[in-house]
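# Inside the fold
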Amino acid sequence: MSKPVPRPGILDIAAYVPGKEHAPGVARVYKLSSNETPLGASPKAIEAFKTVADNLGRYPDGQAIELREAIAAVHGLNPANILCGNGSDELLGLLCHVYLGAGDEGIITEHGFLVYKIQILGAGATPVVVKEKDYTVDVDAILAAVTEKTKIVFIANPGNPTGTYVSVSEIRRLQAGLPKHVVLVLDAAYAEYVRRNDYEAGIEVVSSNANVVMTRTFSKAYGLAALRVGWMYAPAEIVDALNRVRAPFNLNAPAIAAAAAAIRDQAFIQQAVSFNQMWVETLTQALEAIGLKVTPSVANFVLIHFPEIDGKRAADADDLLTSRGYILRAVRGYGFANALRMSIGPEEANRGVIAALTEFMGHQR
């Protein structure tokens, strides 16, 4: 060979493409494509971030003890069962790195987070995609896809980009039907936003089983997307296995300090969740009133479906919205060729999108 060559399969992986954030020629841009919170971070988290500035010459705590203890205190967990990562993305990758290899299979759902497939392929394993039902994870379809090669199952709950969720009773049924050596990953990135009596992020299921893990993030409700902080609650044996291969200082000191302060400030989080819930309901009602279909969402975004009519499709709406500075997320890669995902933004952005789409659909305001 005349140059280094990646191992087979790596160059066949389609790289993850984040939501766009620029609208050339537009004076004011509202980025509504990445599920970020319009309220930003807690002032207490920002202050904690700043206090670390005088000690940037020192390595961070490689065990993230302060953050793990803060998470444990808020959620009533044992810190020994918590592992923190550089965003939950890192933890998802570590799970694949540790539990998958050539010849293994990982199950994902048809509209699931694209990172699952990337990480499964990156580990040299085969992704098995199962159908969803009404844009929602179908437990029976997953169980039917399990083979002797299955080693891991990824569930986004709530789902992204759908915003739908699976009840805790269905999650328990899924776990009960899986072989005991298969790791069930409950990705609860949007759990803070859910207000449904039959939903549980995963803590109860992890606590009572040896093959279930729950991942969470500080990038959404906590407003720390720029710092890349995620965490996992898992059985001690799984935490131990991942600790053996993760980077020794995978979280930086400002991120640890800010996240610990953020999770302690639950009053701020409740404000963010209340704002979000109000606008999910308002947007859904307004968009349905002008003839658009919106998938019911429990997260901080809505999936908007457009008519199969020339000039009224998602791409046409995307062009109009972008020209006015409203950047939504095209979701063709998730199996929705004629839909856009809109993150809840500040009030002026939300109202602006409603007005623009009302005009787009030919309605008077």
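Each remark here, short or long, concerns the structure printed above.
I will try to describe carefully the structure that is included in this document.

Criteria and cut-off values
- Residues numbered from 1 in each chain as written.
- Predicted model: local features only at pLDDT ≥ 70, side-chain atom pairs only at ≥ 80, totals over all residues.
- Heavy atoms only, no water.
- Helix = DSSP H or I, 4+ residues; strand = E, 2+ residues; numbered from the N terminus.
- Buried < 20%, exposed > 50% of the residue type's maximum accessible area, 1.4 Å probe, protein only.
- Disulfide = S-S within 2.5 Å.
- Pairing = 2+ DSSP bridges.
- Axes fitted to C-alpha atoms, helices over the stretch in contact; angles between N-to-C directions.
- Contact = heavy atoms within 4.5 Å.
- Phe/Tyr/Trp six-rings, centres within 6.5 Å; stacked < 30°, edge-to-face > 60°.

### Considering unusual backbone geometry
The omega angle of the peptide bond from Asn157 to Pro158 is 5°, so this bond is cis rather than trans. Looking at the secondary structure, you find Pro158 in the loop between strand S5 (150–156) and helix H6 (168–177). Asn160 connects to Pro161 through a cis peptide bond whose omega is 20°. Looking at the secondary structure, you find Pro161 in the loop between S5 and H6. In this model, Arg228 sits at a positive phi of 60°, which is unusual for a non-glycine residue. Relative to the elements of secondary structure, Arg228 occurs in the loop between strand S7 (212–217) and strand S8 (230–233). When its relative accessible area of 28% is taken as the criterion, Arg228 is described as partly exposed.

### Examining the state of the cysteines
Within this structure, the stated rule accounts for zero disulfides. The thiol of Cys84 is not disulfide-bonded; the next cysteine sulfur, from Cys96, is found 19 Å away. We classify Cys96 as buried; its relative accessible area is 0%.

### Quick word on the sheet that holds S5
The strand order across the open sheet formed by seven strands is S2-S8-S7-S6-S5-S3-S4, and the pairing between neighbours is mixed. The open sheet has two free edges, formed respectively by strand S2 (82–85) and strand S4 (126–130), since each of these has just one partner strand. Pairwise comparison of adjacent strand axes, ignoring direction, gives a mean angle of 20° for this sheet. Sheet analysis places S5 next to strand S6 (residues 183–187), joined by five bridges and oriented parallel. For Phe154, the partnering residue across the bridge sits in S6 and is Val185. Across the face of the sheet, helix H8 (residues 236–243) comes into contact with S2, S7 and S8 while running at roughly 35° to S2.

### Structural notes on the sheet that holds strand S10 (residues 301–305)
Paired through backbone hydrogen bonds, the strands of a sheet run either parallel or antiparallel to each other. Read from one edge of the open sheet, four strands run S9-S10-S13-S12, paired in antiparallel fashion. Whereas interior strands pair on both sides, the edge strands pair on one side only; in this sheet they are strand S9 (293–295) and strand S12 (329–330).

### What about the packing of aromatic side chains?
Within the structure shown, the criterion is met by nine aromatic pairs. For the pair Tyr116 and Phe154, a centre-to-centre distance of 4.8 Å together with 10° between the ring planes defines the contact as stacked. Of this pair, Tyr116 sits in helix H4 (residues 114–122) while Phe154 sits in strand S5, and the two are 38 residues apart along the sequence. There is no split in this pair, since Tyr116 and Phe154 are both buried. For the ring pair Tyr135 and Phe336, a centre distance of 5.2 Å and an interplane angle of 75° mean the geometry is edge-to-face. In this pair, Tyr135 is assigned in the loop between S4 and helix H5 (139–145) and Phe336 in the loop between S12 and strand S13 (339–343), connecting sequence segments 201 residues apart.

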